[in-house]
Amino acid sequence: MNPTHVTLVEVGPRDGLQNEAQPVAAADKIELIHRLQAAGCREIEATSFVSPKWVPQMADNAAVMAGIRRRPGVRISVLVPNMKGLEAALAAPREQWPDEVVVFGAASEAFSQKNINCSIEESVERFRPVAAAAHAAGLKVRGAISCALGCPYQGEVPLDDVERVARLMRAIGVDHVGVADTIGVGTPRRVQAALERALKHYPLAEVSGHFHDTYGQALANIHASLALGVHVFDTSIAGLGGCPYAKGATGNVATEDVVFMLQGMGIDTGHELGALVDAGAFISQVLGRPPASRAGKALLTRRAQVPA
Ligand code: HMG
Ligand code: MG
């Protein structure tokens, strides 16, 4: 049976804006996060504390965290690849700390090397003290399993490799794992199989899907995940996103599209679709292009035709 409530983790400010060639001002990122909160987003991945040499787009991480006015009930997460990243995230005053940190590993050895410059095993050893220190600071720890459905360098990724990373994440105390289709090649049955491997090591509430929409499969993959009872998904406003180390991968599934589908299925997410479309229009205007969200575009067109 489908869940009656679904939690969406908004990753546009991080996954989306990390991939933009043009600079986006910290003030615009902060304004986007405020608009997302106003539209009902309660889980927001705001930025990453990664090397600015590797991802210059996220170099303003501290300024973004300092500028966010958090609404009650909103939880902010940030990516941290190592202790240096965690320490930087916690160098700010307590009220600017994230509620959750995300360590990001991969099911593909080749992608692990390209993205974080170490093997899968080394990455898990790096994450171990990060998880312990984050817990000691009272933060939740999420783990991303990139390339769980395919790798831009290696191609096929065996399910056993997905399960291995889930098992390793569990062993070092990571609270939640996200099965990530970095290059958007997954199709529903394969996605279910990958999620089932993660579910061998984590309870249902602690497994999520992170689906890039490069091949147009993301909504179908969310639908297939719901059939397993999975009810937490990463989505990205206006369909922004990609990974600088996975060339050709396009954005995450658009938040507007997912909310439209779930509302149609009678599944609550807590979002207000009109305000979400406005947030998508805002960031698209900053970037100088139309939103990639199909629902967002359709609703903007309808508004233009039928003035309020
Ligand atoms: P490295 O070069 O092996 O690191 O990079 P290092 O420890 O040897 O340090 C090299 C330099 O980086 C030093 O500075 C460090 O201080 C600095 P220098 O002495 O040369 O001036 N450094 C840092 N600076 C700031 N923050 C830090 C940090 N760590 C080291 N945390 C490293 C290893 C992991 C740092 C690097 O590879 C990196 O930053 N990678 C991040 C790549 C990235 O952000 N990718 C995108 C996010 S993942 C993603 O999008 C996938 C996801 O969406 C799921 C999916 O779709 O699959 C999550
Ligand atoms: Mg991603």
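Structure report, in brief.

Criteria and cut-off values
Residues numbered from 1 in each chain as written. Chains lettered and ligands numbered in written order. Predicted model: local features only at pLDDT ≥ 70, side-chain atom pairs only at ≥ 80, totals over all residues. Heavy atoms only, no water. Helix = DSSP H or I, 4+ residues; strand = E, 2+ residues; numbered from the N terminus. Expected span 1.5 Å × (residues − 1). Buried < 20%, exposed > 50% of the residue type's maximum accessible area, 1.4 Å probe, protein only. Contact = heavy atoms within 4.5 Å. Donors = N, O, S within 2.8 Å, 3.2 Å for Na, K, Ca; no water. Pairing = 2+ DSSP bridges. Right-handed = clockwise from strand over helix to strand, strands pointing away. Disulfide = S-S within 2.5 Å. Near = heavy atom within 4 Å. Polar contact = N/O pair within 3.5 Å; in protein donor to acceptor, adjacent residues only side chain to side chain. Areas by Shrake-Rupley, 256 points an atom, 1.4 Å probe, with all protein chains shown as cover. Nonpolar A, V, L, I, M, F, W, Y, C, P; charged D, E, K, R; others polar. Phe/Tyr/Trp six-rings, centres within 6.5 Å; stacked < 30°, edge-to-face > 60°. Lys NZ or Arg CZ within 6 Å of the ring centre and 35° of its normal. Salt bridge = Lys/Arg side-chain N within 4 Å of Asp/Glu carboxyl O.

1. A look at helix 8 (residues 188–199)
Thought 1: Taking 1.5 Å as the rise per residue, helix 8 with twelve residues should run 16 Å; its terminal C-alpha atoms sit 16 Å apart, in good agreement.
Thought 2: Regarding helix 8, the residues found buried are V191, Q192, A193, A194, L195, R197 and A198.
Thought 3: Those residues of helix 8 that are buried lie in contact with helix 7 (159–171), strand 6 (176–181), strand 7 (207–211) and helix 9 (218–227).

2. Observations regarding the coordination of the magnesium ion (ligand 2)
Thought 1: Those protein atoms acting as donors to the magnesium ion (ligand 2) are D15 (OD), H210 (NE2) and H212 (NE2), and they sit at 2.0 to 2.3 Å.
Thought 2: Counting along the primary sequence, the residues that act as donors to the magnesium ion (ligand 2) give the motif D-x194-H-x1-H. Pair noted here: D15 is in helix 1 (residues 12–16) and H210 is in strand 7, with a separation of 195 residues, a long-range link.
Thought 3: Note on H210: relative accessible area 9%, which makes it buried.

3. What about the pairing of strand 7?
Thought 1: Burial within strand 7 is extensive, with five of its five residues counted as buried.
Thought 2: Of the two faces of strand 7, the one carrying V207, G209 and F211 and the one carrying S208 and H210 are both buried.
Thought 3: Inspection of the sheet shows strand 6 paired to strand 7 by five bridges, in the parallel sense. Each residue of the ladder has a partner; that of G178, found in strand 7, is S208.
Thought 4: The β-α-β motif built from strand 6, the intervening helix 8 and the parallel element strand 7 has right-handed crossover chirality.
Thought 5: The pairing of strand 7 with strand 8 (residues 232–235) spans two bridges and is classified as parallel.

4. Observations concerning the state of the cysteines
Thought 1: Following the criterion strictly, the structure yields zero disulfides and no others.
Thought 2: Cysteine C118 is unpaired, with the sulfur of C147 as its nearest cysteine sulfur at 14 Å.
Thought 3: Among the cysteines around C243, which has no disulfide bond, C147 carries the closest sulfur, lying 8.0 Å off.

5. Considering the site of ligand 1
Thought 1: Taken together, 26 residues lie around ligand 1, and Q18, K53, N117, S146 and T182 are the ones closest in.
Thought 2: Note that an oxygen atom of ligand 1 is positioned 2.9 Å from one of the backbone N or O atoms of S51.
Thought 3: N115 places a polar side-chain atom, nitrogen or oxygen, 2.9 Å from a nitrogen atom of ligand 1.
Thought 4: Against a free-state accessible area of 1,100 Å², the protein chains account for coverage of 75% of ligand 1.
Thought 5: Those elements that provide at least two residues to the shell around ligand 1 are helix 1, helix 4 (83–89) and helix 5 (109–116).
Thought 6: A class-by-class count of the residues in the shell around ligand 1 yields eleven nonpolar, ten polar and five charged.

6. Some remarks on the packing of aromatic side chains
Thought 1: Evaluated as defined, the whole model comprises three aromatic pairs.
Thought 2: Here F211 and F233 contribute two aromatic rings whose centre-to-centre distance is 6.4 Å and whose plane-to-plane angle is 45°, an arrangement assigned as tilted. Pair noted here: F211 is in strand 7 and F233 is in strand 8, with a separation of 22 residues, a long-range link.
Thought 3: Assessed through its relative accessible area of 0%, F211 is described here as buried.
Thought 4: The ring of Y202 has R170 lying over it, and the distance from NZ or CZ to the ring centre is 5.0 Å.

7. Details of the environment of I172
Thought 1: Structurally, I172 can be placed in the loop between helix 7 and strand 6.
Thought 2: Residues I172 and F127 lie 45 residues apart in sequence; the distance between their C-alpha atoms is 7.7 Å.
Thought 3: Apart from the residues within four sequence positions on either side, I172 is in contact with V124, F127, R128 and A131.

8. Points about the pattern of salt bridges
Thought 1: Using the criterion set out here, one finds 17 salt bridges in the structure.
Thought 2: The closest approach of N and O atoms between R75 and E43, which form a salt bridge, is 3.0 Å. A residue pair is termed long-range when its members are at least 10 positions apart, and R75 in strand 3 (residues 75–79) and E43 in strand 2 (residues 43–48) qualify at 32 residues.
Thought 3: Among the residues examined, E43 registers a relative accessible area of 18% and is labelled buried.
Thought 4: A salt bridge links K200 to E163, with the shortest nitrogen-to-oxygen separation between them at 3.5 Å. Taken as a pair, K200 in the loop between helix 8 and strand 7 and E163 in helix 7 lie far apart in primary sequence, 37 residues in all.
Thought 5: Through salt bridges with shared partners, a single network forms among R14, D15, E43, E45, R75, E100 and R142.

9. Overview of the environment of P98
Thought 1: Structurally, P98 can be placed in the loop between helix 4 and strand 4 (100–106).
Thought 2: Here the alpha-carbon distance between P98 and G239, two residues 141 residues apart in the chain, equals 24 Å.

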